[in-house]
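So the chains spell out like this:
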Amino acid sequence: MSTTQSERLRALLEPFVSKKGLDLEEIDVTPAGKRRVLRVVVDSDDGVQLDTCAELSRSLSEVLDETDTMGGSPYVLEVTSPGADRPLTEQRHYRRALGRLVKANLTESAGGGEVTARITGVDGDGVDLEVPGVKGRKPTSRRLAFDDIAKARVEIEFNRKAAEKRAQDGSAADDETGKEEA
């Protein structure tokens, strides 16, 4: 049984990534002209700082230089964190996105379609979501099992604070209306 270069790289690099308290999310080797680019994507529950990436890059570079895993041709090493709009594929990804807005495509067995909602809870079986209300209606809660999600991605919110303020102002207005009616 032969192992692929990615499997050999993962076996070699994962212990060094784990020592830093990080998760090795992805290893990708792509051609770039006469060189190759080795992209190592790492993450943690607390996020990844630039200094941590730089320090890890130096460590991994030393390890790679001591082995022939990358072969004899030149390569560029990039150590990075996942992008803000990265796919959510593991339970830990959903946990790290707690409170964030996500767009999920549902499997056919779950009825298909798409749901855009905020993650309010995560456990071993699935996620709890708050689906925004439409046209002044109140948000609703929804539970999705991981098996019901074909793919999901965090939605980038450029003006989340303004949306939260509008929601709070709406709640305050509802409270005032309720007081007047009582």
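Quick note: structure is the one above.
Since we're looking at a predicted model, the values are computed, not measured.

A. Spotlight on the overall build of the protein. The number of helices and strands found in the protein is 4 helices and 8 strands. Tracing the protein from N to C terminus, the helices and strands come up as α-β-β-α-β-α-β-β-β-β-β-α. Across the 182 residues that make up the protein, the buried fraction comes to 27%. In the protein, the proportion of contacts linking residues at least 24 apart, taken out of those at least 6 apart, comes to 52%. For the protein, the accessible surface area stands at approximately 11,900 Å², while carbon and sulfur atoms represent 46% of it.

B. Region of interest: the sheet that holds strand β5 (residues 114-122). Reading across the sheet, the 5 strands line up as β7-β6-β5-β4-β8 and stay open at both edges, with antiparallel pairing between neighbours. Looking at which strands have only one partner, the edges of the open sheet turn out to be β7 (140-145) and β8 (149-154). Between one strand and the next, the sheet's axes are offset by a mean angle of 40°, whatever the strand orientation. Bridging between strand β6 (residues 126-131) and β7 involves 6 bridges; their strand directions are antiparallel. Note that in β7 the partner of V127 across the bridge is L144.

C. Highlighting the packing of aromatic side chains. Inspection of every chain in the model, using the stated rule, returns 1 aromatic pair. When the ring of Y94 is compared with that of F146, the centres are 5.2 Å apart and the planes differ by 50°; the resulting orientation is tilted. You can see Y94 sitting in helix α3 (residues 91-96) and its partner F146 sitting in the loop between β7 and β8, a full 52 residues away along the chain. Relative accessible area serves as the criterion here: at 21%, F146 is assigned to the partly exposed category.

D. Region of the structure containing the sheet that holds strand β1 (residues 23-32). Taken in spatial order, the 3 strands make up an open sheet running β1-β2-β3, and their pairing is mixed. Lying at the two open borders of the sheet, with one neighbouring strand each, are β1 and β3 (75-80). Going from strand to strand, the sheet's axes swing by 15° on average, the running direction of each strand aside. Strand direction decides the pairing type here: strand β2 (residues 35-43) and β3, joined by 6 bridges, are parallel. Bridging from a neighbouring strand, V40 pairs with V79 of β3.

E. Main features of the environment of D28. Along the polypeptide, D28 turns up in strand β1. With relative accessibility at 26%, the residue D28 sits in the partly exposed group. Other than its neighbours up to four places away in sequence, D28 contacts V37, L38 and R39.

F. Focus on the nonpolar core. Residues L38, V40, V42 and V79 are the most contacted members of the largest nonpolar core, which totals 18 residues. Of all the secondary structure elements, the ones that give two or more residues to this core are α1 (5-19), β1, β2, α2 (50-66) and β3. No other element matches α2, which puts 5 residues into this core. Once you skip the residues sitting within four places of it in the chain, V79 turns out to touch V40, V42, C53, L56, S57 and L60.

G. Structural context of the pairing of β6. When β5 meets β6, the two strands line up antiparallel, connected through 4 bridges. Bridge pairing links G121 to D128 in β6. As consecutive antiparallel partners, β5 and β6 are separated by 3 residues.

Each value, and the rule that gives it
Residues numbered from 1 in each chain as written. Predicted model: local features only at pLDDT ≥ 70, side-chain atom pairs only at ≥ 80, totals over all residues. Heavy atoms only, no water. Helix = DSSP H or I, 4+ residues; strand = E, 2+ residues; numbered from the N terminus. Buried < 20%, exposed > 50% of the residue type's maximum accessible area, 1.4 Å probe, protein only. Contact = heavy atoms within 4.5 Å. Areas by Shrake-Rupley, 256 points an atom, 1.4 Å probe, with all protein chains shown as cover. Pairing = 2+ DSSP bridges. Axes fitted to C-alpha atoms, helices over the stretch in contact; angles between N-to-C directions. Phe/Tyr/Trp six-rings, centres within 6.5 Å; stacked < 30°, edge-to-face > 60°. Core = buried A, V, L, I, M, F, W, Y, C linked by side-chain atoms within 4.5 Å.

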